[in-house]
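So you can see what is in the structure, the chains are spelled out below.
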Amino acid sequence: MTVYKRCRTIRNDITVYLLYIVELFLAVLAIVFAVLFGRQKAKVETLRDSAKDYEKEFVKRTEIIRKEALITAKEQLHNERQSFENEVRSRREEISRVENKLAIREDQVEEKMQKVTDKQYELDKKYDELIDKEDYLAEIVDKQTQELERISQMSKDEAKNQLFTQLNNELAAERVQVIRESEIKIKEACDEKAREFLSQAMQKCAVEQVIENSVNVVSLPSDEMKGRIIGREGRNIRTLETITGVDLIIDDTPEAVVISCFDPVRRAIAKLTLETLIADGRIHPSRIEETYEKSKNDIENKTRQEGERAATDLGIMNLNRELTKTLGRLYYRTSYGQNVLKHSIEVAQLSGMLAAELGVDVYSARRAGLLHDIGKAVDQEQEGTHVQLGVELARKYGENEEIVHAIEAHHDDVAVNSMLAAIVKIADTLSAGRPGARRDTLDVYIKRLKKLEEIANSQEGIKQSFAVSAGREVRVIVQPNIFDDMAAEKLARDIVARIENEVEYPGQIRVTVVREVRVTEIAK
């Protein structure tokens, strides 16, 4: 088909070519005729002969061109036909191969279908057999169930409910036993780990404890200085007591004057003022006032320096300047005879050690421990507890809420909801509750613990009792066959009433009554 189109194209080209030649020839004839028409007729004949010769030559050449074109077209047609036949032959061979493969696959599919049909037949046969067996077994089960119901005089549902109830009771008892054993193991492990952490922290922290008093003694170079301190008609001592706000006790004690005041800051200013006056030798009202103002400024500077020193020693940076100054005031503040700044430093160190053991941020723990009693620096001047005032100061000077919560929760004013707050609370209890930390001597401390245990043991039905947490808690273990829940509550109230009437103690004491029932069975 392609060869035919090409031959047709060549033929059309030749026809067009011939038309062009004819047109050219006619044009030439017209021109020649026009030229010769105006000249001689003899030349016309000559030109006509020449045109005929030219026409014959042109026809001959045209014929040659036509024949060459036909030969070329026939060759191309032959080549195309040969190529087409080769392509058709290869396609037929490919189709033959594909048909062979399809025939083979068709045979395989038929064989597999036959196998599947056979399998399906076998499965249907087995299914019918299983249905027959199931019906037979169902009939047997029904007969056995009816026989069992007749023998037990119980229906199937009643027996099932009774069995489930029995299993639930047995599982509940076993579950309770497993839970109790797990709780005991977990509690023992937690107590052991807690004791380990606390012992490590306490061993690493060796802060000297100094019991503060409400009086200071100023040494005199001689007893003659007492008269100069008193002054003419007592004007010097009156001026001193009026300006400083302290009581000066001048008695028969040789070469000594006692300064008494509940405010440690005023007592420190008065002591420095008196020591400066004694060293200078000039003691009169105007000099006393001048020296007092200088001593007051010195004490304020020392207060700021003590706050900065405490923060620097603990590695606490970026503490607000006013907060640092307020912290330094704790240097002259005591609680139950314990220096509050030294107590705060010890709490910060213990908090840092406990935080390191428990994986909590050590820096935050130290910062919260140092600031936990900051409210005691202003509680004598402002309304509110030292916890409330400490929270206000911490928020006022930009401490984060985690530090604020630790300050607020260290005396259980609010519930502890973070590990940091729990650490600060524990460290505060360790620092304040251990023997020697506060005014009580070791003998008084031991006697109080013995008295607490004696009060608990004096009740009937007591198995054992312990005074723990530095005397802040009494744990009483009672015999469970004598005490029920109501009796245990009454026992706790009776012990609390006796402690309140017979024991002197700081803070509060918690009484915990433990009533435990253990059931043991032995499998043989």
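Quick notes on the rules
- Throughout, a residue's number is its position along its own chain's written sequence, starting from 1.
- At least 70 in pLDDT is required for a residue's local features to be given in this predicted model, at least 80 for side-chain atom pairs to be given and counted, and no such filter applies to totals for whole chains, interfaces and linings, which use all residues.
- Only hydrogens and water are set aside when side-chain values are computed; all heavy atoms of the structure are taken into account.
- Numbering of helices and strands runs from the N terminus; a helix is a DSSP stretch of H or I covering at least four residues, while a strand is a stretch of E covering at least two.
- For every residue, the accessible area obtained with a 1.4 Å probe (protein chains only) is divided by the maximum for its type, and the residue is called buried under 20%, exposed over 50%, and partly exposed between those limits.
- Between two residues, a contact is recorded if the distance between any of their heavy atoms is within 4.5 Å.
- For the area figures, the Shrake-Rupley method with a 1.4 Å probe applies, and any residue is considered shielded solely by the protein chains shown.
- Strands qualify as paired when DSSP identifies two bridges or more between them.
- Handedness of a crossover: with both strands directed away from the viewer, a clockwise path from the first strand across the helix to the second marks it as right-handed.
- pLDDT measures the predictor's confidence residue by residue and takes values from 0 up to 100.
- Nitrogen and oxygen atoms within 3.5 Å of one another constitute a polar contact, given that in protein one can donate a hydrogen and the other can accept it, and given that sequence-neighbouring residues count only through two side-chain atoms.
- Within this analysis, patches are made of residues with over 30% relative accessible area and no salt bridge. Like charges are joined at 9 Å or less; nonpolar side chains (Val, Leu, Ile, Met, Phe, Trp, Tyr) at 5 Å or less.
- A side-chain nitrogen of Lys or Arg and a carboxyl oxygen of Asp or Glu constitute a salt bridge if their distance falls within 4 Å.
- A fitted line through C-alpha atoms represents every axis, and for helices the fit uses only the stretch in contact; the resulting angles, taken between N-to-C directions, go from 0 to 180 degrees.
- Roughly parallel refers to an angle under 35 degrees, roughly antiparallel to one over 145, roughly perpendicular to one between 65 and 115, and oblique to any angle outside these ranges.
- What makes a crossing left-handed is the near helix being turned counterclockwise from the far one by less than a right angle; a clockwise turn instead makes it right-handed.
- Charged means Asp, Glu, Lys or Arg here, nonpolar means Ala, Val, Leu, Ile, Met, Phe, Trp, Tyr, Cys or Pro, and polar covers whatever is left, Gly included.
- Residues counted as positive are Lys and Arg, residues counted as negative are Asp and Glu, and His and the chain ends are not counted.
- The atom standing in for a charge is NZ when the residue is Lys, CZ when it is Arg, CG when it is Asp and CD when it is Glu.

What follows deals with the overall build of the chain. Of regular secondary structure, the chain possesses 15 helices and eight strands. When the 524 residues of the chain are sorted by exposure, 29% land in the buried category. Within the chain, residue pairs in contact and separated by at least 24 positions form 62% of the contacts whose partners lie at least 6 positions apart. Counting only carbon and sulfur atoms, one obtains 52% of the accessible surface of the chain, whose full area is about 35500 Å².

Two strands pair when backbone bridges link them, and strand E7 (residues 473-478) and strand E8 (residues 510-514) are joined in this way by five bridges, in the parallel orientation. Of the residues in E8, the one forming a bridge with Ile477 is Val514. Since E7 and E8 lie parallel, the crossover through helix H15 (residues 485-502) that links them has a hand, and here it is right-handed.

Glancing now at the confidence of the model for the chain. Scored by pLDDT, the chain has a mean of 79; 84% of the residues are at 70 or more. Across the chain, helix H12 (residues 401-409) holds the top mean pLDDT of 90, while helix H1 (residues 2-37) sits lowest at 68. A low-confidence stretch, residues 206-212 stays under pLDDT 50, and its non-local contacts, those more than four residues away or across chains, total 21 contacts.

Attention shifts here to the side chain of Asn236. Here Asn236 shows up in helix H5 (residues 235-244). Owing to a relative accessible area of 4%, Asn236 belongs among the buried residues under this scheme. Polar contacts involving the side chain of Asn236 include one to the main-chain carbonyl oxygen of Ile283, which spans 3.3 Å. Among residues more than four places away in sequence, those in contact with Asn236 are Arg228, Ile229, Ile230, Gly231, Ile283, His284, Pro285 and Ile288.

Here the focus is unusual backbone geometry. In this structure, Glu233 is a non-glycine residue whose phi angle is positive, near 55°. Secondary-structure assignment places Glu233 in the loop between helix H4 (224-230) and H5. Residue classification places Glu233 among the exposed positions, given a relative accessible area of 71%.

In this fold, Ser351 is placed in helix H9 (residues 340-358). By relative accessible area, Ser351 is classed as buried at 0%. From its side chain, Ser351 meets the backbone oxygen of Val347 in a polar contact 2.7 Å long. Discounting residues that sit within four places of it in the chain, Ser351 has contacts with Ala365, Gly369, Ile423, Val424 and Ala427.

Before going further, it helps to spend a moment on helix H10 (residues 362-371). Owing to its 3.6 residues per turn, the α-helix aligns residues three or four sequence positions apart on the same side. In terms of burial, H10 is largely enclosed, as seven of its 10 residues are buried. Along H10, the residues that are buried comprise Ser364, Ala365, Arg367, Ala368, Gly369, Leu370 and Leu371.

This part takes up a nonpolar patch on the surface. Judged by side-chain polarity, Leu163, Phe164, Leu167 and Leu171 come together as a nonpolar surface patch covering roughly 370 Å² of accessible area. Looking at the secondary structure, you find Leu167 in helix H3 (residues 156-204).

The next thing to look at is the pattern of salt bridges. Overall, the coordinates contain 19 salt bridges when judged by the stated rule. For Arg309, the salt bridge goes to Glu306, with nearest N and O atoms at 2.9 Å. Note that Arg309 and Glu306 are positioned in helix H7 (residues 285-313) at a spacing of three residues, about one turn of the helix. Here Asp412 and Lys425 are joined by a salt bridge, their closest N and O atoms 2.6 Å apart. A residue pair is termed long-range when its members are at least 10 positions apart, and Asp412 in the loop between H12 and helix H13 (419-433) and Lys425 in helix H13 qualify at 13 residues. For Asp412, a relative accessible area of 42% puts it in the partly exposed group. Residue classification places Lys425 among the partly exposed residues on the basis of a relative accessible area of 27%. Within this structure, Asp280, Arg282, Arg287 and Glu290 form a network of salt bridges that share partners.

Our focus in this paragraph is the packing of helix H6 (residues 264-280) against H7. Where H6 contacts H7, the two axes come as close as 9 Å, and the packing angle between them is 125°. One finds that H6 runs oblique with respect to H7. Regarding H6 and H7, the two cross each other, and that crossing is right-handed. In this structure, H6 contributes Val265, Ala268, Ile269, Leu272, Thr273, Thr276, Leu277 and Asp280 to the contact, and H7 contributes Arg287, Ile288, Thr291, Tyr292, Ser295, Lys296, Asp298 and Ile299. Grouping the amino acids of the contact of H6 with H7 by side-chain chemistry returns eight nonpolar, four polar and four charged.

Here we take up the environment of Thr326. Secondary-structure assignment places Thr326 in helix H8 (residues 321-328). On a C-alpha basis, the gap between Thr326 and Leu393 in space is 9.2 Å, while along the polypeptide they are 67 residues apart. Non-local contacts of Thr326, meaning those with residues more than four positions away in its chain, are made with Ile374, Ala377, Val378 and Leu393. One polar contact links the side chain of Thr326 to the main-chain carbonyl oxygen of Glu322, over a distance of 2.9 Å.

A separate point is the packing of H10 against H12. How two helices pack is summed up by the angle between their axes together with the distance between the axes. Packing of H10 against H12 brings their axes to within 9 Å, and their N-to-C directions diverge by 45°. The pairing of H10 with H12 is recorded here as oblique in orientation. Note that H10 runs across H12; the crossing there is right-handed. Contact with H10, carried on its side by Ser364, Arg367, Ala368 and Leu371, involves Ile403, Ala406 and Ile407 of H12 and no other residues of that element. Along the lines of polarity and charge, the residues of the contact of H10 with H12 split into five nonpolar, one polar and one charged.

Before going further, it helps to examine a negative patch on the surface. Among the surface-exposed residues, Asp124, Asp128, Glu129, Asp132, Glu134 and Asp135 lie close enough to one another that they form a single negatively charged patch. The residue Asp128 is located in helix H2 (residues 41-152) in this model. You can call Asp128 partly exposed: its relative accessible area is 44%.

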